[in-house]
Amino acid sequence: MKKIRIGTRGSQLALWQANWVKDTLEDWYPDLEIEIQKIKTTGDKILDAPLSKVGGKGLFVKEIEEALIDKRIDIAIHSMKDVPTDLPEGLCISAIAEREDPRDALISRDGIKLKELKKGARIGTSSLRRQVQLLNFRSDFEIEQLRGNLDTRINKLIARDLDAIIVAAAGVKRMGWEKKITEYLPYKIFLPAIGQGAIGIETRESDNKIKGMIERFNHRETSLCIKAERSFLKRLGGGCQVPIAALGTINKGGLKLEGMVSSIDGKILYRDSEEACSEQSEPNRVDWVESLGIRLAERLLRRGADKVLKEVYRDWVS
């Protein structure tokens, strides 16, 4: 094999991710020719509506996966938080690279931290997950819908006279814009999106040669954490546009998973955690990290999260 075609979205951040994969592959395989193909997704085309109202899952991956299935590309690069828990038949995530900072970051117009923002401060975000945690923290905030690529959203902070915006810290760091960050939001009040900060590389299941090359990117600890988070999300039946959050962390040979489900107004918020270690797994049992995610989801469902999610789907998500 002498040539590999990489499929990616065309944003600055997506291209940074694709070029990082390209550069690494070229270091490993100097004789390889690598081409990056930019693919516009549904999420990139529809910018005048909240993501939760656009409808469907895989808004930022569907067209890229279609190109992979059709063999127009050989690998697909995704932000794992955009990848639905159910993949198209014949495709697989062959590697999840080491995670960047999974926290959310506040960028405020005047360098003011979240708790010090004025009453009724206007905060921009397109994420229901961020919206509900903001309102749970302070119900006086005014949430402004903010779509577009990372650089576009940062520019809108001034253009739309917002007091602050919230974005993923990982993207800001990868683009070298850390100085713009006012505050990293602590996990105790702001759990991240499932998979936030992690890059996933998708391939065709049948393409063993490509899979063998890509598997070198896989970071075991990150992969375990993301697997637990995605299992939690799948059991809840949610997508990346639903107010669900989770974070897996490796702890003393085991894994701790924190999860959250909230109503749209942030007034009802269920949050809990589960821990497990690999030694607790039993033969012929579902993978231990997947079991962890399922247990945490079922605990929140028993507490009432099922009613909250039904209302979310009925009243908000298309």
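Keep in mind that this is a model prediction, so the values were computed, not measured.

Helix and strand counts for the protein chain come out as ten helices and 13 strands. Expected size for 318 residues packed as a compact globule is a radius of gyration near 20 Å; at 19 Å, the protein chain falls within 12% of this value. Its C-alpha atoms give the protein chain principal-axis dimensions of roughly 60 × 50 × 35 Å. Buried positions account for 54% of the 318 residues belonging to the protein chain.

Sheet architecture is open: five strands sit in the order β7-β6-β8-β5-β9, paired in mixed fashion. Edge strands, defined here as strands with exactly one partner in the open sheet, are β7 (142-144) and β9 (183-184). Two strands pair when backbone bridges link them, and strand β5 (residues 104-108) and strand β8 (residues 164-168) are joined in this way by five bridges, in the antiparallel orientation. Opposite L106, over in β8, you have I166 as the bridge partner. Across the face of the sheet, helix α5 (residues 128-137) comes into contact with β5, β6 (122-124), β7 and β8 while running at roughly 130 degrees to β8. Here helix α6 (residues 150-159) sits on the sheet and contacts β5 and β8; the angle it forms with β8, its principal contact strand, is near 165 degrees.

All right, on to the packing of aromatic side chains then. Scanning the model with the defined rule gives three aromatic pairs in all. Geometrically, the ring pair formed by W28 and Y29 is edge-to-face, given 6.5 Å between the ring centres and 90 degrees between the ring planes. Given a relative accessible area of 24%, Y29 falls into the partly exposed group. Pairing W28 with F217 gives two aromatic rings, centres 4.6 Å apart and planes at 55 degrees, and the pair type is tilted. Residue W28 is found in helix α1 (residues 12-28), and its partner F217 is found in the loop between α8 (208-214) and α9 (220-236); the two are separated by 189 residues along the sequence. What makes W28 partly exposed here is its relative accessible area of 28%. In this structure F217 comes out as buried when scored by relative accessible area, which is 7%.

Criteria and cut-off values
- Residues numbered from 1 in each chain as written.
- Predicted model: local features only at pLDDT ≥ 70, side-chain atom pairs only at ≥ 80, totals over all residues.
- Heavy atoms only, no water.
- Helix = DSSP H or I, 4+ residues; strand = E, 2+ residues; numbered from the N terminus.
- Rg over C-alpha atoms; globule rule 2.2 N^0.38 Å.
- Buried < 20%, exposed > 50% of the residue type's maximum accessible area, 1.4 Å probe, protein only.
- Pairing = 2+ DSSP bridges.
- Contact = heavy atoms within 4.5 Å.
- Axes fitted to C-alpha atoms, helices over the stretch in contact; angles between N-to-C directions.
- Phe/Tyr/Trp six-rings, centres within 6.5 Å; stacked < 30°, edge-to-face > 60°.

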